[in-house]
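As a plain string of letters, each chain reads:
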Amino acid sequence: MDSRKRENQFKEYEAGLNDLKKLFDERWNQSNSSCGNDYDVRLEDFERMRTLGIGAFGRVMLVKLHQDNTFYAMKILDKVKIVKLKQVENTHREKKILQCIRFPFVLYLDFCFKDNSYIYLVLPFINGGEMFIHLRHMGKFEENLARFYAAQVTMGLEYLHKCELIYRDLKPENILIDHTGYLRITDFGFTKHLSETWTLCGTPEYIAPEIILYKGYNKSVDWWSFGVLLYEMNAGYSPFYSQNPMKIYEKITAAKYKFPKTFSEDLKDLVKNLLQLDLTRRFGNLKGGALDIKKHKWLAKTDFMKIYQRGVTPPFVPNVTGPGDDKNFDRYDEDPLEVKNHNMCAEDFANF
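As annotated in an unreviewed UniProt entry, the protein chain is Protein kinase domain-containing protein from Trichogramma brassicae. As its UniProt record puts it under Sequence similarities (unreviewed entry), the protein chain is described as follows: "Belongs to the protein kinase superfamily."

Structure, rendered in structure tokens:
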């Protein structure tokens, strides 16, 4: 692709991104805070199949809607645990964000509801599994596959930042691969709006140094995490790995890491510009924004518009036999849902 055509594509894409930002703003300003007014479903409307993942507040289950036999991933959160861990505000925010975002490479909300004990966020079931699982099986990704994923993550973060959202939890466990081979960024529990206050959060190996050092920060933290992800996809391990969390933080704040011999010079250069301690030099955080990443030599031959339109044949497609195929997810012990006879934490979730 010649440079003029590429520049025109970037301009066309930017115009489309501005339109998506307007749609987000409309939903953000108009979104109803109550699930019940927007969605008319209950737990009894779903067949619960099995657990796909477990978190601090509950679990994610594969479910099937009786009405049309569509499969979904149902995030089931314990209201008491949310209150005890002081995550009520974050939970309300996560639901609102999922209601408002619409982009090819991020997950969104289909339904939500609540009962006496739990709140339920029902999302599309992305049955190809987590990037983490496939990275573990392959050891590392070939550069062409890592480049394909990197392009989508770049556009996903660019969209979220355009909507004034800071994601703050980028890692292979939070990236799902669909049955066609394209990805979706998921889990918005740590995502915040630019107008809000900031706290220490995230997964140790992916946290930006400015967060660890309690400095003011912005979207720059997501581009640091993207640099860690880019390294890990191509190496098979984190640049700051250690069994000791404090050692991890020491390595991060010193930007201390080594490149594998397999890394190309262009890949090394992009990672260096992302894992940059100086915020005035970190790619993604400069005047050019995400364009500095898109125009980098390592991504120079990438057709971002074609990927955005899902017109590129993915280098890897997960083994999936049907919409309810769950073999790409780990197995977990199953615990029954225990719905109390009285409404727990009613005030905290009155408007959920």
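S.K.: Just checking my understanding: could you explain the pairing of strand S3 (residues 71-78) for this structure?
M.R.: Looking along a regular strand, one sees the side chains alternate between the two faces of the sheet. Burial within S3 is extensive, with 8 of its 8 residues counted as buried. Of the two faces of S3, both are covered, the one formed by Phe71, Ala73, Lys75 and Leu77 as well as the one formed by Tyr72, Met74, Ile76 and Asp78. When strand S2 (residues 58-65) meets S3, the two strands line up antiparallel, connected through 7 bridges. Looking at the pairing, Leu62 lines up with Ala73 of S3. In this sheet, strand S5 (residues 118-124) lies alongside S3 in antiparallel orientation, the contact comprising 7 bridges. Bridged to Ala73 within S5 is Leu123.

S.K.: Help me understand the layout of surface pockets, please; the structure alone is not making it clear to me.
M.R.: As a volume, the largest pocket reaches approximately 1,100 Å³. Along its surface, the largest pocket is lined by 43 residues, and Gly55, Lys75, Asp169, Asn174 and Asp187 are the ones closest to its centre. For the lining of the largest pocket, the elements supplying multiple residues, two or more each, are strand S1 (46-54), S2, S3, helix H4 (88-100) and S5. Among the elements that take part in the lining of the largest pocket, H4 stands out by supplying 5 residues, more than any other. Its residues assigned to classes, the lining of the largest pocket shows 20 nonpolar, 11 polar and 12 charged. The residue makeup of the lining of the largest pocket includes at least three contributed by each of domain 1 (34-127 + 322-351) and domain 2 (130-309).

S.K.: Is there a simple way to explain the side chain of Ser225 in this structure?
M.R.: Tracing the sequence through the fold places Ser225 in helix H8 (residues 220-235). Look at Ser225 and you get buried, because its relative accessible area is 5%. Ser225 has contacts with Leu170 and Tyr206, leaving out every residue within four places of it along the chain.

S.K.: Looking at this structure, how should I read the domain arrangement of the protein chain?
M.R.: Reports of interface size often rely on the accessible area that becomes lost once the parts have come together. Each assigned domain of the protein chain is listed here: domain 1 (34-127 + 322-351) and domain 2 (130-309). Each of domain 1 and domain 2 was reduced to a C-alpha centroid, and the two centroids are 27 Å apart. It is Phe103, Phe105 and Ile126 that lose the most area in domain 1 upon contact with domain 2, and together they represent 31% of the buried surface on that side. Summed over the shared surface of domain 1 and domain 2, the number is 2 salt bridges. Our enumeration of links across domain 1 and domain 2 arrives at 7 residue pairs in polar contact (both at pLDDT 80 or more).

S.K.: Explanation requested: the nonpolar core in the structure shown.
M.R.: Across soluble globular proteins, nonpolar side chains show a tendency to be buried alongside one another. If you look at the biggest cluster of nonpolar residues, it comprises 90 residues, and the most contacted ones within it are Ile101, Tyr159 and Phe226. With 11 residues, the single largest contributor to this core is helix H6 (residues 143-162). Setting aside residues up to four positions removed in sequence, Tyr159 forms contacts with Leu17, Leu20, Phe24, Cys100, Ile101, Arg102, Phe103 and Val106.

S.K.: I tried to follow unusual backbone geometry on my own but got confused; where do I start?
M.R.: Only a minority of non-glycine residues have a phi that is not negative, and only a minority of peptide bonds are not trans. A positive phi angle, near 65 degrees, is found at Glu164, a position not held by glycine. As for its placement among the helices and strands, Glu164 is situated in the loop between H6 and strand S6 (165-166). Even without being a glycine, Ala255 presents a positive backbone phi close to 50 degrees. Mapped onto the secondary structure, Ala255 falls in the loop between helix H9 (245-253) and helix H10 (265-274).

S.K.: Where do I start with the UniProt feature "binding site: ATP" (unreviewed entry) in the protein chain in this structure?
M.R.: Taken from the UniProt record, the annotation "binding site: ATP" (unreviewed entry) applies to Lys75. We classify Lys75 as buried; its relative accessible area is 13%. Sequence-distant contacts of Lys75, that is, excluding residues within four places in its chain, are made with Arg59, Val60, Glu94, Ile119, Tyr120, Leu121 and Asp187. Only 2.7 Å separates the side chain of Lys75 from the side chain of Glu94, close enough to count as a polar contact.

Rules behind the numbers
- Residues numbered from 1 in each chain as written.
- Predicted model: local features only at pLDDT ≥ 70, side-chain atom pairs only at ≥ 80, totals over all residues.
- Heavy atoms only, no water.
- UniProt positions renumbered as here; feature names shortened; annotations may be inferred.
- Buried < 20%, exposed > 50% of the residue type's maximum accessible area, 1.4 Å probe, protein only.
- Helix = DSSP H or I, 4+ residues; strand = E, 2+ residues; numbered from the N terminus.
- Pairing = 2+ DSSP bridges.
- 1 Å grid on protein atoms, 1.4 Å probe; cavity = no way out; pocket = protein on both sides within 12 Å on 5 of 7 lines; lining within 4 Å.
- Points joined across faces, edges and corners; volume = space filled by probe spheres on them.
- Nonpolar A, V, L, I, M, F, W, Y, C, P; charged D, E, K, R; others polar.
- Domains from an automatic or database assignment.
- Contact = heavy atoms within 4.5 Å.
- Buried area = accessible area lost by both parts, 1.4 Å probe.
- Salt bridge = Lys/Arg side-chain N within 4 Å of Asp/Glu carboxyl O.
- Polar contact = N/O pair within 3.5 Å; in protein donor to acceptor, adjacent residues only side chain to side chain.
- Core = buried A, V, L, I, M, F, W, Y, C linked by side-chain atoms within 4.5 Å.

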